[in-house]
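In case you want the letters, here they are:
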Amino acid sequence: MQERKPAWDRWGRLSPTSLLVILILSTGTMIWLSQRSRAGRARMDEELSRAPAPTGECGIPGTQGCDGFEAVGELTGVSTAQSASRQPSARLSASETCRNSGYLCQTLESQDSLVVVRWPESAFPLRIHVPLPAVEPASLARELRSAAVSGLMAWSGHPSELIISERSVATPADIVIEWVPDLGGQILGQARYEWENRDGQIIFRVPSFLLSLRTGRGSYPSRDQLQLTAAHEMGHALGLPHSDSPEDVMFPTNTARSLSVRDYRTVEALYRLTNGALIVR
Ligand SMILES: [Zn+2]
């Protein structure tokens, strides 16, 4: 192995003309690199503006979605961001990122890229307000609430601890559960999120998280149905897409029995990645 001479020594042996040529070449290279960097950023912006946020959309042809028997409700991912504020935090390759990440990259089978959006760690622990539903008798209201809380708490610690409150408290909740008489058809629940990139910070919100008090048969949901619905919608509220396996709680219809290893693996992968990053197939 040869020892390299220090740079100042090598520069010292160059003629003034050589130094001038190097200076001109270096300046040209810097301008060229700067233009390439701007072009690269513009390309990323363009890709990002085309990339839909991960969603569990209702009514995708060929899926059971909303049409399934007593289907667990759907999430409609809504981006409130303008293209100018949707700068990607990072660009990741699907081949490396999607390995061992459960169904996180499921949507890449039908689209070229997706954006990682989720709660920032600064929002932890997440506070969830779960009121008593306005039903009689009181024991039934408590039973329904207890089932929903049990479904939500299945995610606690993955990755955020969840703090559940029954009454409105001084600190506003991050997520407020709303009981609705009927969501129509066989929809048992519905959650919606919004996100935007504000000066490099991903702002994530769940403006609505609805649980239905009626099943497709017109009766109150059973404890198991409600628990599973709350768990499914909470998965969306954490930023998860749908799964393609009926054994996962994030499958579009209520076929799972509880959160699977794959559900946990997917949420862990989601929160391991840089928030706002663009995953490209
Ligand atoms: Zn869903």
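That block above? That's the structure.
Residues numbered from 1 in each chain as written. Predicted model: local features only at pLDDT ≥ 70, side-chain atom pairs only at ≥ 80, totals over all residues. Heavy atoms only, no water.

J.: What's the story with the pattern of salt bridges in this structure? I'm lost.
T.: Once the charged atoms of two side chains with opposite charge are near each other, the side chains can pair. The full count for this structure, using the stated rule, is 10 salt bridges. Note that Arg145 is salt-bridged to Glu166, the shortest N-O span being 3.7 Å. Pair noted here: Arg145 is in helix α4 (residues 138–153) and Glu166 is in the loop between β5 (162–165) and β6 (175–180), with a separation of 21 residues, a long-range link. You can call Arg145 buried: its relative accessible area is 13%. Linked through salt bridges whose partners overlap, the residues forming this network are Arg192, Glu194, Glu196, Arg198 and Arg205. (Salt bridge = Lys/Arg side-chain N within 4 Å of Asp/Glu carboxyl O. Helix = DSSP H or I, 4+ residues; strand = E, 2+ residues; numbered from the N terminus. Buried < 20%, exposed > 50% of the residue type's maximum accessible area, 1.4 Å probe, protein only.)

J.: In this structure, what is going on with the sheet that holds strand β2 (residues 91–93)? I would like to understand it.
T.: With mixed pairing, three strands are arranged side by side in an open sheet as β2-β9-β3. Of all the strands in the sheet, just β2 and β3 (113–115) have a single pairing partner and so form its edges. Each adjacent strand pair in this sheet contributes to an overall mean axis angle of 25°, direction not counted. For β2 and strand β9 (residues 278–280), the ladder comprises three bridges, and the chain directions are parallel. Note on β9: the bridge partner recorded for Leu92 is Ile279. (Pairing = 2+ DSSP bridges. Axes fitted to C-alpha atoms, helices over the stretch in contact; angles between N-to-C directions.)

J.: I keep staring at the packing of aromatic side chains and nothing clicks. Help me out?
T.: What describes a pair of aromatic rings is the distance from one ring centre to the other and the angle between the planes of the rings. Applying the stated rule across the entire model yields four aromatic pairs. Ring geometry for Tyr193 and Phe204: centres 5.1 Å apart, planes at 25°, overall stacked. Of this pair, Tyr193 sits in strand β7 (residues 189–198) while Phe204 sits in strand β8 (residues 201–212), and the two are 11 residues apart along the sequence. Both residues of the pair, Tyr193 and Phe204, belong to the buried class. Here the aromatic cluster, defined as three or more aromatic residues joined through ring pairs, consists of Trp119, Tyr193 and Phe204. Directly above the ring of Tyr220 sits Arg214, whose terminal nitrogen or CZ lies 4.9 Å from the centroid. (Phe/Tyr/Trp six-rings, centres within 6.5 Å; stacked < 30°, edge-to-face > 60°. Lys NZ or Arg CZ within 6 Å of the ring centre and 35° of its normal.)

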